[in-house]
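Letter by letter, the chains look like this.
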Amino acid sequence: MLTLRHTLIYVLLMTLVVVASNILVQYPLQATLAGINLADILTWGAFTYPVAFLITDLTNRQFGPRAARKVVFAGFVVGVALSFYTAQPRIAIASGSAYLAGQLLDISVFNRLRRMAWWRAPLFGSLIGSMLDTLIFFSFAFAPFFVFFGPNDPFAIDWAPILGVFSTSAPRWISWAIGDFSVKVTVGLVMLLPYGALMNMLKPMSQAPTA
């Protein structure tokens, strides 16, 4: 029967990604793209966080969804602890909820598609999981409706041109969500390369649970 020691390397990698993302989220990306000031909508944490989906998918492939959930829950504990230490409670709640929901959805989608073409499970799992993750985090963290999680951030809900360049305006957190999801999609596509390179080395274990 699989125990946590079988997936220890994945737990450690997930912990590293969560810690790095919690640190790097404090540093805006100082660059400009197509007239968009990326520092206004992105931090470096947006580039490291999607690696969590790769770790979850590799765990799922090798050890099955039960083991993948253990790795996700380990990352959840670390992430929530760091978030409550470094951020406001509302951000911590949003971060933990988004991470857990997005990763668990990724596991479910991956498991349904794992017998199809090799790229379908990791690609669609990470994309659909990232979509839910982004929706939950930015809504819980900044949407006025979720004020019961904590006070609203006046700057986040103040209206401004979308991405700082379009004529249409929206609350700033909408632009932050669009930028964040765009990075997750891009990194998700890039992560197919290491997944494809490792999949032949990390063969599914015959005794790995499948549900």
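Conventions used here
Residues numbered from 1 in each chain as written. Predicted model: local features only at pLDDT ≥ 70, side-chain atom pairs only at ≥ 80, totals over all residues. Heavy atoms only, no water. Helix = DSSP H or I, 4+ residues; strand = E, 2+ residues; numbered from the N terminus. Contact = heavy atoms within 4.5 Å. Polar contact = N/O pair within 3.5 Å; in protein donor to acceptor, adjacent residues only side chain to side chain. Expected span 1.5 Å × (residues − 1). Buried < 20%, exposed > 50% of the residue type's maximum accessible area, 1.4 Å probe, protein only. 1 Å grid on protein atoms, 1.4 Å probe; cavity = no way out; pocket = protein on both sides within 12 Å on 5 of 7 lines; lining within 4 Å. Points joined across faces, edges and corners; volume = space filled by probe spheres on them. Nonpolar A, V, L, I, M, F, W, Y, C, P; charged D, E, K, R; others polar.

*Asks:* So what exactly am I meant to see when it comes to the environment of S21 here?
*Replies:* As for its placement among the helices and strands, S21 is situated in helix α1 (residues 8–24). Separated by 27 residues in the primary sequence, S21 and T48 place their C-alpha atoms 5.8 Å from one another. Those residues within four positions of S21 in sequence are excluded, and the remaining contacts are G45, T48 and Y49. A polar side-chain atom of S21 sits 2.8 Å from the main-chain carbonyl oxygen of V17. At 3.2 Å, the side chain of S21 forms a polar contact with the backbone nitrogen of Y49.

*Asks:* Just checking my understanding: could you explain helix α3 (residues 51–63) for this structure?
*Replies:* Helical geometry note: an α-helix holds 3.6 residues per turn, so side chains three or four residues apart project in the same direction. The end-to-end C-alpha distance of α3, which contains 13 residues, comes to 18 Å, matching closely the 18 Å that a straight helix rising 1.5 Å per residue would cover. Counting buried positions along α3 gives twelve out of 13 residues, so the element sits mostly inside the fold. Phi for G64, located one or two positions after α3, is positive at around 95 degrees.

*Asks:* Mind showing me how you'd approach empty space enclosed by the protein here?
*Replies:* A water-sized probe rolled over the atoms picks out the places where empty space is left. Overall, the coordinates contain one cavity of 30 Å³ or more when judged by the stated rule. Approximately 60 Å³ is the volume attributed to the largest cavity. As for the largest cavity, its lining consists of P50, F53, L54, D57, P122, S126, G188, M191, L192 and Y195. Here the element with the most residues in the lining of the largest cavity is α3; it accounts for three residues.

*Asks:* Even after reading the chapter, I still don't get unusual backbone geometry, so can you show me in this structure?
*Replies:* Working note: non-glycine residues mostly have negative phi, and peptide bonds are mostly trans. For A34, which is not a glycine, the phi torsion comes out positive at approximately 50 degrees. By the secondary structure assignment, A34 is in the loop between β1 (32–33) and β2 (36–37). A residue is classified by how much of its surface remains accessible, and A34, at 73% relative accessible area, is exposed. One non-glycine residue, L163, lies in the positive phi region at around 60 degrees. Positionally, L163 belongs in the loop between β3 (159–161) and β4 (169–171). The exposure class assigned to L163 is buried, which follows from its relative accessible area of 15%.

*Asks:* It is not clear to me how the layout of surface pockets should be interpreted in this structure. Could you clarify?
*Replies:* Estimated volume of the largest pocket: approximately 1,300 Å³. In terms of lining, the largest pocket is formed by 49 residues, of which the most central are V25, T43, F137, F138 and F142. Of all elements in the fold, only α1, β2, α2 (45–48), α4 (65–86), α5 (89–113), α6 (120–142), β3 and α8 (172–190) reach the threshold of two or more residues within the lining of the largest pocket. If you go around the second largest pocket, you meet 14 residues; those closest to its centre are L33, L38, L42, G179 and S182. Residues belonging to the lining of the second largest pocket are distributed by class as follows: eleven nonpolar, three polar and no charged.

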